[in-house]
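Chain by chain, the residues run as shown.
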Amino acid sequence: MKTWKLALTVLTDLLLTIFTIMAIIAFAQSYFLFPSPQMVTVFWQQFQLLYS
């Protein structure tokens, strides 16, 4: 039972790490638009491109 919990914890940590890295990459690509309202749109588009 403990092995199953450990595997689930490792998998969850791995998925969160991947998600965080993808968010950082998408933010870095849209950072030059920071002061404009388009930033959120560009950030979301870049984030979706990373998943495709």
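Note that the structure is predicted; figures quoted are calculated from it, not measured.

Draft legend 1. Highlighting helix 2 (residues 38-51). Between its first and last C-alpha, helix 2 extends 20 Å over 14 residues, near the 20 Å set by a 1.5 Å rise per residue. For helix 2, the complete set of buried residues consists of Met-39, Val-42 and Phe-47. The buried residues of helix 2 occupy an angular sector of 135 degrees when the element is viewed end-on, so they sit on one face. Relative to its buried face, helix 2 has exposed residues pointing more than 90 degrees away, namely Gln-38, Val-40, Leu-49 and Tyr-51.

Draft legend 2. Inspection of the environment of Gln-45 at higher detail. If you trace the backbone, Gln-45 turns up in helix 2. For Gln-45 and Ala-26, which are 19 residues apart along the polypeptide, the C-alpha to C-alpha distance reads 8.3 Å.

Calculation notes
Residues numbered from 1 in each chain as written. Predicted model: local features only at pLDDT ≥ 70, side-chain atom pairs only at ≥ 80, totals over all residues. Heavy atoms only, no water. Helix = DSSP H or I, 4+ residues; strand = E, 2+ residues; numbered from the N terminus. Expected span 1.5 Å × (residues − 1). Buried < 20%, exposed > 50% of the residue type's maximum accessible area, 1.4 Å probe, protein only. Arc of directions from axis to C-beta.

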